[in-house]
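Residue-level structure breakdown
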Amino acid sequence: MRQRLALLIAAAILLPVGVAAPAAGSAPAAPAAPAAAPLAAAGTAQRIAKLTGPGSMNATDTKWQLKATDLGIMWDNGAGQILTAFGDTFGNGWTGPGGGVGNGATIDWRCNTLVRSTDRELADGMTFDNAVLDRAGHAGTLLPCKQINFDEMTVIPTAGVSVGNRQYLHYMSVRNWGEPGRWYTNHSGIAYSDNNGQTWVKHPTARWNNTPAWDNRFQMGAFLRERGFVYLVGTPNGRFGSAYLARVPEAQVLDPAAWRYWNGSTWVTDQWASAVIAPGPVSEVSVQYSRYLGKYVMAYLNESRAAIVLRTAPSITGPWGPEEVIATGAAYPGLYGAFLHPWSAASNSPWLYFTMSQWDPYNVYLMRVRLTGGGMFAGSDTDVTGDGKDDLVTFTQNGLADSYVAASSGGGFGPGVKWHDFFAPAGETPLTGDVDGDGRADAITFVHGNGDVYVARSTGTGFGPGVKWHDWFALGNEIPAVGDVDGDGRDDIVTFTHDAAADVYVALSTGTSFSGTTVKWHEFFAPAGEFPALGDVDGDGRDDLITFTQGPASAADVIVSLSTGTGFGPAAKWHDLFAVGSESPRVGDVNGDGRADIVTFTCNADADVYAAVSNGSAFVGTTVKWNDFFCTAGEFPYLADVNGDGKDDIVVFTGDPLNDVYVGLSTGTGFLGGAKWHDFFGLTGETAF
């Protein structure tokens, strides 16, 4: 009997839940990916740490009898923790490889489990603080399951989200497993917890019942909460379906009648009218908004390619770009499940972290991939010492939240010196600018969650205490910028809603605060998918709006809206071929004529840098190369006048592992070759300028 039970569990679980290939315990090499335009990731993902099982950094096998498990679905609980849900979990009787292997009487099978974490420094892994236990030292089941084949074999979580103090978990009730990559569900549903995941209630009617054809479109999913709605990216059971989209007002998550489905142009009540947002095969999908890219990112397993892939889109509704392979079965046999870390996606760092499972040894790993073509930061003053030369500034954005400065000597950057010991912690967006008009750039941070804006003014040798200058600005996914838009010598704050509405709001500096009234200065500029910036392009002393559409070569326009001092004027095209696709555009006065110009970095193997200079009414120059090797893939480029000659130079932070800083000085008609100006600044996870 015991042997028969063990074989039944193995047959039921071993094949479908992690096999990225027909042969158990192995995966075929992924087929060659077709050539594609440059995308979001700079190379393939790296393994950071084993999170579960024997030999893991969390020792889950000895702490909580969690020896083997999979998935690792993460969400922010709204109270400073990441909750992580696992699928079928086995105790010390598990022998592997794969799920369900061992003596059925001692394997200690739990259909799902959960751990909590407050770890924000992911470069060395993700520490679990505690787990949901059913007894001392034993991780307990969250959602009960029958464990009866062809009835309800298991219940597996697929997505989580918090609204207020309530946690929601999307799950699937698995009837039975089929051949590799296929399984069949009774229904999917939503469970909720009001005690931080300790106990859960399966709502009796918040369900998507499967059909006799096994083709309901929301049997698995990914949650995303945004602007008063909870979104659900759904897929059918198994690994070969396409992805669809639904949403519900966040106060009505448990009301099936309140859900609406995206049909490609609007939201409708009929799920069968929903449109494909990503064609299959899509499985174990995860979706987040990447603040670094200013785009939405989607990660999932493509079973046919035996690979984890990444897509990006300007809006949750799409259009979703082509797949980019970030991990393969050849490198990680039996890989599956790519669940994005929400704090990582919400950060300003180019590193995007995610969990990934492998069928053998049936455990979960923390991975990371380096994004490129991002850094949604408008060019602003970094002369924090007030000597006329731009300096380096970095915000660690970790638990310490330190700020360091390396002052420019005109020929190099000095040692990094701590200028503040708690400013711009994780999740905030730090920028710099002279907000009090004293000739020294100050530190500004946008909290986003509650709309607060803090300023730490420069003394010339340090940043003073952080003081709240505004209490409702740049909320959610909006993109903030700093610049002097009214021409009074003090930098103001600007925010781009960067959505379909594409509004632009301004709060002017009084020298001691940002005016309490936030005013709309433009009602349609830099919609989702474009790259917004500020710069004085006509040389009148007022910063203007610039946006790079970043389309293909046929549609990579640059649009400008000039400041009148009280608003931004009509949008006008100033250039029609610049900053194509995933290139990194920047704004600065590179020829020293008092007008801001545009520069784009290809940041790829070619590492080219192009510039188009302003004549006051347009940007002049098409495919004018100013440097032919500067900023390779994954590096972060910037413009700054580091030698004080009135011309902005090119600066690049190489990031991990060397953390070098290179400078190419401007001659007014080109940039000199890169020279190392600092050998350890702007570390992994920091936000540096």
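Everything below is about the structure printed above this text.
So, here is what we can say about the structure in this document.

Conventions adopted
Residues numbered from 1 in each chain as written. Predicted model: local features only at pLDDT ≥ 70, side-chain atom pairs only at ≥ 80, totals over all residues. Heavy atoms only, no water. Pairing = 2+ DSSP bridges. Helix = DSSP H or I, 4+ residues; strand = E, 2+ residues; numbered from the N terminus. Axes fitted to C-alpha atoms, helices over the stretch in contact; angles between N-to-C directions. Disulfide = S-S within 2.5 Å. Buried < 20%, exposed > 50% of the residue type's maximum accessible area, 1.4 Å probe, protein only. Phe/Tyr/Trp six-rings, centres within 6.5 Å; stacked < 30°, edge-to-face > 60°. Lys NZ or Arg CZ within 6 Å of the ring centre and 35° of its normal. Core = buried A, V, L, I, M, F, W, Y, C linked by side-chain atoms within 4.5 Å. Contact = heavy atoms within 4.5 Å.

Quick look at the sheet that holds strand S34 (residues 519-522)
Read from one edge of the open sheet, four strands run S31-S32-S33-S34, paired in antiparallel fashion. In the strand order of this sheet, the two ends are held by strand S31 (479-483) and S34, each with one partner. Averaged over all pairs of adjacent strands, the angle between strand axes in this sheet comes to 30 degrees, irrespective of strand direction.

Brief notes about the state of the cysteines
Inspection of every chain in the model, using the stated rule, returns two disulfides. Each disulfide pairs two cysteine sulfurs, and for Cys603 the partner residue is Cys631, the sulfurs being separated by 2.1 Å. With the S-S bond torsion at 95 degrees, the cross-link from Cys603 to Cys631 turns out right-handed. Linking Cys603 in the loop between strand S40 (597-601) and strand S41 (609-614) with Cys631 in the loop between strand S43 (625-627) and strand S44 (636-640), this pair joins segments that are 28 residues apart in sequence. Judged on exposure class, the residue Cys603 and its partner Cys631 are both buried.

Let's talk about unusual backbone geometry
At the junction of Gly96 and Pro97, the peptide bond is cis and its omega measures out at -5 degrees in the coordinates. Along the polypeptide, Pro97 turns up in the loop between strand S3 (82-86) and strand S4 (113-117). A cis amide bond, omega 5 degrees, links Gly280 with the succeeding residue Pro281. Relative to the helices and strands, Pro281 is located in the loop between strand S16 (267-268) and strand S17 (283-290). With phi around 50 degrees, Glu284 is a residue other than glycine that occupies positive phi space. Secondary-structure assignment places Glu284 in strand S17. One non-glycine residue with positive phi stands out, namely Tyr362, at about 50 degrees.

Side note on the packing of aromatic side chains
The description of an aromatic ring pair uses the distance of the two centres, along with the angle that the planes make with each other. For the structure shown, the criterion picks out 27 aromatic pairs. The interplanar angle of 35 degrees and the centroid separation of 6.5 Å between the aromatic rings of Phe636 and Phe653 together place this pair among those described as tilted. With Phe636 in strand S44 and Phe653 in strand S45 (residues 649-653), this residue pair connects regions lying 17 residues apart in the sequence. An identical accessibility class is assigned to Phe636 and Phe653; each is buried. These aromatic residues form a ring-pair network of at least three members: Phe395, Phe423, Phe636, Tyr638, Phe653 and Phe689. Cation over ring: Arg247 sits above Phe229, and NZ or CZ is 3.8 Å from the ring centre. Here Arg368 stacks its cationic end above the ring of Trp351, 3.8 Å away from the centre of that ring.

Points about the nonpolar core
Within the largest apolar cluster, 95 residues are counted, with the highest numbers of intra-cluster contacts made by Leu310, Phe354, Phe446, Phe514 and Val651. In this structure Phe354 touches Ala45, Met74, Ile326, Ala338, Phe339, Leu340, His341, Tyr365, Leu366, Met367, Arg368 and Val369, once residues within four positions along its chain are discounted. Val233, Ala243, Tyr289 and Leu534 belong to the second-largest nonpolar core, a separate cluster that totals 53 residues.

Just distances and angles here, no functional claims.
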